[in-house]
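Chain residues, written in single-letter form:
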Amino acid sequence: MSPAGHDLPGPSDDGWTEVIRHCVAVTVPDGDRIVLVPGTKVEVLQRMGDSCTVRNEYGHLLRVGGADFDAIGLEASERAVMISGASSGPFEMDAVTAALHTVYDPEIPVSIVDLGLIYRCDEIVDGDGKRRIEIDMTMTSPGCGMGDILCDDAARVVRAVPGVDDVVINLVFDPPWGLDRMTEEVRLELGLL
């Protein structure tokens, strides 16, 4: 049984599953929010971190967040469980980086860190001892509709890191993103070397 009390249907032999409850999805790459209704057929294409990318019967790509995994027959992601339970412990900047590594591009299975979308990530402690994480990040193109979605994901996972009181994310486009921002491993994996 899922956390919502539904039997998880799981994918059929052909890889398709039916949505069992209303859930929000985001169109890829436009970033428009839509509602998937019960009975809608979807095929899970990739599941990385706390989101997955599905294709509907019309061939459209949609991103579904971890909170709605049960609606499409998936168990809650391990990261979603960790985020819901994370609130104490000592602060470590490495934990911020690790959290950002769990946010993935919805079109290719690569984290925003490995894609080179994170330009700056700094810890700022104010006079009251409150810790703010400031992040400058970019998108692969200024017209990418997923910018707000990925920024929200990054803020959510970093905010869940023990010891973080606030997160500020600045979406920047200077310098422009380029393939050289990706890690060498990712470029090799994608055949870009």
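The structure we're discussing is the one just above.
Residues numbered from 1 in each chain as written. Predicted model: local features only at pLDDT ≥ 70, side-chain atom pairs only at ≥ 80, totals over all residues. Heavy atoms only, no water.

1. A word on a negative patch on the surface
Stage number 1. On the surface, Asp126, Asp128, Asp165 and Asp166 cluster together to form a negatively charged patch.
Stage number 2. Secondary-structure assignment places Asp128 in the loop between β7 (118-125) and β8 (131-137). (Patch = residues over 30% accessible without salt bridge, like charges linked within 9 Å, V, L, I, M, F, W, Y side chains within 5 Å. Areas by Shrake-Rupley, 256 points an atom, 1.4 Å probe, with all protein chains shown as cover. Salt bridge = Lys/Arg side-chain N within 4 Å of Asp/Glu carboxyl O. Lys, Arg positive; Asp, Glu negative; His and termini not counted. Charge placed at Lys NZ, Arg CZ, Asp CG, Glu CD. Helix = DSSP H or I, 4+ residues; strand = E, 2+ residues; numbered from the N terminus.)

2. Thoughts on the environment of Val64
Stage number 1. Note that Val64 resides in strand β6 (residues 61-65).
Stage number 2. For Val64 and Thr53, which are 11 residues apart along the polypeptide, the C-alpha to C-alpha distance reads 6.3 Å.

3. So, the state of the cysteines
Stage number 1. Per the stated rule, a full pass over the model turns up zero disulfides.
Stage number 2. Cys144 carries a free sulfur, and the closest cysteine sulfur to it, the one in Cys151, is 9.7 Å from it.
Stage number 3. Overall, the relative accessible area of 24% leaves Cys144 in the partly exposed class. (Disulfide = S-S within 2.5 Å. Buried < 20%, exposed > 50% of the residue type's maximum accessible area, 1.4 Å probe, protein only.)

4. Some thoughts on the sheet that holds strand β9 (residues 166-171)
Stage number 1. Strand order in the open sheet formed by three strands is β7-β8-β9, and the pairing between neighbours is mixed. Where the open sheet ends on each side, the last strands, each with one partner, are β7 and β9. Between one strand axis and the next, the sheet turns through 15 degrees on average, direction left out of account.
Stage number 2. Where β7 and β8 come together, seven bridges link them in antiparallel fashion. Residue pairing in the sheet places Glu123 in a bridge with Ile133 of β8.
Stage number 3. Its contacts with the sheet put helix α2 (residues 93-100) on β7 and β8, and the angle it makes with β7 is roughly 145 degrees.
Stage number 4. Helix-sheet contacts for helix α3 (residues 147-159) involve β8 and β9, and the interaxial angle to β9 is about 155 degrees. (Pairing = 2+ DSSP bridges. Axes fitted to C-alpha atoms, helices over the stretch in contact; angles between N-to-C directions. Contact = heavy atoms within 4.5 Å.)

5. As for unusual backbone geometry
Stage number 1. Note the cis peptide between Val28 and Pro29, where omega equals 10 degrees.
Stage number 2. Looking along the chain, the bond that leaves Asp174 and enters Pro175 is cis, with omega of 5 degrees.

6. Topic: the nonpolar core
A general feature of soluble globular proteins is that nonpolar side chains tend to end up buried together.
Stage number 1. Residues Val96, Leu100, Ile112, Ile135, Met137, Val158 and Val164 are the most contacted members of the largest nonpolar core, which totals 30 residues.
Stage number 2. Those elements that provide at least two residues to this core are β2 (23-28), α2, β8 and α3.
Stage number 3. A per-element tally of this core places α3 first, with seven residues.
Stage number 4. In contact with Val96, other than residues within four places in its own chain, are Phe91, Cys121, Ile133, Val158, Val161 and Val164.
Stage number 5. In this structure, Ala25, Leu36, Val54 and Ala71 belong to the second largest nonpolar core, which totals 13 residues. (Core = buried A, V, L, I, M, F, W, Y, C linked by side-chain atoms within 4.5 Å.)

The quantities given are spatial measurements derived from coordinates; they are silent on function.
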